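Descriptive analysis of the structure
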Amino acid sequence: MTDPVIVAIDGPAGSGKSSVSKQAARALGFGYLDTGAAYRALAWHALEHGIDTSDAASVLDVSGDFDFAISLDPDAYTVRVGAADVTEAIREPRVAEAVSGVARVPAVRESVNALFRALVAGSGRRGVIVEGRDITTVVAPDAPVRILLTAAPEVRAARRSAEVSTQDAASVAAAMHKRDASDSSVVDFLTAAPGVTVVDSTDLDFEQTVEAVLDVVRTGRRTQVGADHG
Ligand SMILES: Nc1ncnc2c1ncn2[C@@H]1O[C@H](COP(=O)(O)OP(=O)(O)O)[C@@H](O)[C@H]1O
Ligand SMILES: Nc1ccn([C@@H]2O[C@H](COP(=O)(O)OP(=O)(O)O)[C@@H](O)[C@H]2O)c(=O)n1
């Protein structure tokens, strides 16, 4: 079987990466890989071990027995660490606060990136939408379709706040902006690398954003087919 087509999508928190990628994957009959879930699951695992995720050596240590599994089925999204189903737990604010520390460790990034490539290659799917922060630049820089999904910071904060009922809107926005600032010192996901198409969802509703992404996939893949044939 030939390698799956990769659609690479990066962007900041709350830009719509997960929800839009999942819906676009359904429309295309593709798999969906949420790379942020791996970083969040490792942060959850570190917290279970009582580790301070700002300490890189401790994070590396605990990553040695990190037994991570994720489903690539957009209709049956589950994340596991060992026997524990952490699908819900990795969305908790305490995990969001700890995750940037985990993502900052270069050896962690290398090992999860190898895992992502293996998951895609072994997916048995025609294609996989892979979303995160460094997919267009590091994980799959040769993907035939590469998209940076953005939205204005206040719009992203409002979307994220609407999802979280345990914290007030101002706290959710502050935590999200703090995480973006910390993450962007590791990976630049706010500017599009050469060849990456920007989809700005600030003034688009959810369906329009999915359509905009699907348009890029159709155009990008046509371009690719054209390139293949000469
Ligand atoms: N274009 C859009 N318009 C309105 N809401 C959106 C749009 N795109 C995504 N959302 C909603 O915003 C929230 C955050 O989206 P999510 O996919 O979790 O973003 P990310 O994965 O980039 O953090 C979700 O509740 C999602 O349904
Ligand atoms: N490819 C990726 C994906 C996520 N991450 C890290 O993982 C965290 C969680 O990613 P996420 O995609 O679940 O975050 P949201 O955009 O959903 O808020 C980010 O804040 C980054 O620290 C990363 O470093 N590289």
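No experiment lies behind these values; they were computed from the predicted model shown.

Our focus in this paragraph is the site of ligand 2. The environment of ligand 2 is made up of 18 residues, and the closest members are Lys17, Arg40, Arg160, Arg179 and Asp183. One nitrogen or oxygen atom from the side chain of Thr35 is found 3.1 Å from a nitrogen atom belonging to ligand 2. At 2.8 Å, a side-chain N or O of Arg109 approaches an oxygen atom of ligand 2. For the shell around ligand 2, the secondary structure elements donating two or more residues are helix H2 (36-48), helix H4 (93-103) and helix H8 (169-184). Of the residues that constitute the shell around ligand 2, the class distribution is five nonpolar, four polar and nine charged.

Turning next to the pattern of salt bridges. Think of it this way: side chains of opposite charge can pair up when their charged atoms draw near. One pass over the full model with this rule turns up nine salt bridges. Taking the shortest distance from any N to any O, the salt bridge between Asp215 and Arg218 comes out at 3.1 Å. Of this pair, Asp215 and Arg218 both sit in helix H9 (residues 206-228), separated by three residues, roughly a single helical turn. Assessed through its relative accessible area of 41%, Asp215 is described here as partly exposed. The structure contains a network of salt bridges with shared partners spanning Glu48, Glu92 and Arg94.

With respect to the helices and strands, Thr53 occurs in the loop between H2 and helix H3 (56-63). By relative accessible area, Thr53 is classed as buried at 8%. From its side chain, Thr53 meets the backbone oxygen of Ala98 in a polar contact 2.9 Å long. With near-sequence residues (within four places) excluded, Thr53 lies in contact with Ala46, Val59, Ala98, Gly101 and Val102.

Our next topic: the site of ligand 1. Close to ligand 1 lie 16 residues, the nearest being Lys17, Ser18, Ser19, Arg160 and Thr209. Within the side chain of Glu163, an N or O atom sits 2.9 Å from an oxygen atom of ligand 1. Between Thr209 and ligand 1, the recorded distance is 2.8 Å, taken from a side-chain N or O atom to a nitrogen atom. Elements represented by at least two residues in the shell around ligand 1 include exactly helix H1 (17-28), helix H7 (153-163) and H9. Among the residues making up the shell around ligand 1, the classes are represented as four nonpolar, seven polar and five charged.

Turning next to the sheet that holds strand E6 (residues 127-132). Ordered in space as E2-E6-E1-E7-E8, the five strands form an open sheet in which the pairing is parallel. If you trace the sheet from one side to the other, it starts and ends with strand E2 (31-34) and strand E8 (197-200), each paired once. Across the sheet, the axes of successive neighbouring strands diverge by a mean angle of 25 degrees, strand direction being ignored. Where strand E7 (residues 145-150) lies against E8, four bridges are found, and the strand directions are parallel. Residue pairing across strands places Leu148 opposite Val198, the latter belonging to E8. Docked against the sheet, helix H5 (residues 106-121) engages strand E1 (5-10), E2 and E6, running at close to 170 degrees with respect to E2.

What follows deals with the sheet that holds strand E3 (residues 68-70). If you trace the three strands from one edge of the open sheet to the other, you get E3-E4-E5, paired in antiparallel fashion. Every other strand in the sheet has two partners, leaving E3 and strand E5 (84-85) as the edge strands with one partner each. Here strand E4 (residues 79-81) runs beside E5; their pairing, made up of two bridges, is antiparallel. Pairing of Val81 across the sheet is with Ala84, part of E5.

So, about the pairing of E7. Counting buried positions over the six residues of E7 gives six, a clear majority of the element. Residues Val145, Ile147 and Leu149 point to one face of E7 and Arg146, Leu148 and Thr150 to the other, with burial holding for every one of them. Judged from the four bridges that link them, E1 and E7 form a sheet pairing that is parallel. Among the inter-strand pairings, Ile9 is bridged to a residue of E7, identified as Ile147.

Conventions used here
Residues numbered from 1 in each chain as written. Chains lettered and ligands numbered in written order. Predicted model: local features only at pLDDT ≥ 70, side-chain atom pairs only at ≥ 80, totals over all residues. Heavy atoms only, no water. Near = heavy atom within 4 Å. Polar contact = N/O pair within 3.5 Å; in protein donor to acceptor, adjacent residues only side chain to side chain. Helix = DSSP H or I, 4+ residues; strand = E, 2+ residues; numbered from the N terminus. Nonpolar A, V, L, I, M, F, W, Y, C, P; charged D, E, K, R; others polar. Salt bridge = Lys/Arg side-chain N within 4 Å of Asp/Glu carboxyl O. Buried < 20%, exposed > 50% of the residue type's maximum accessible area, 1.4 Å probe, protein only. Contact = heavy atoms within 4.5 Å. Pairing = 2+ DSSP bridges. Axes fitted to C-alpha atoms, helices over the stretch in contact; angles between N-to-C directions.

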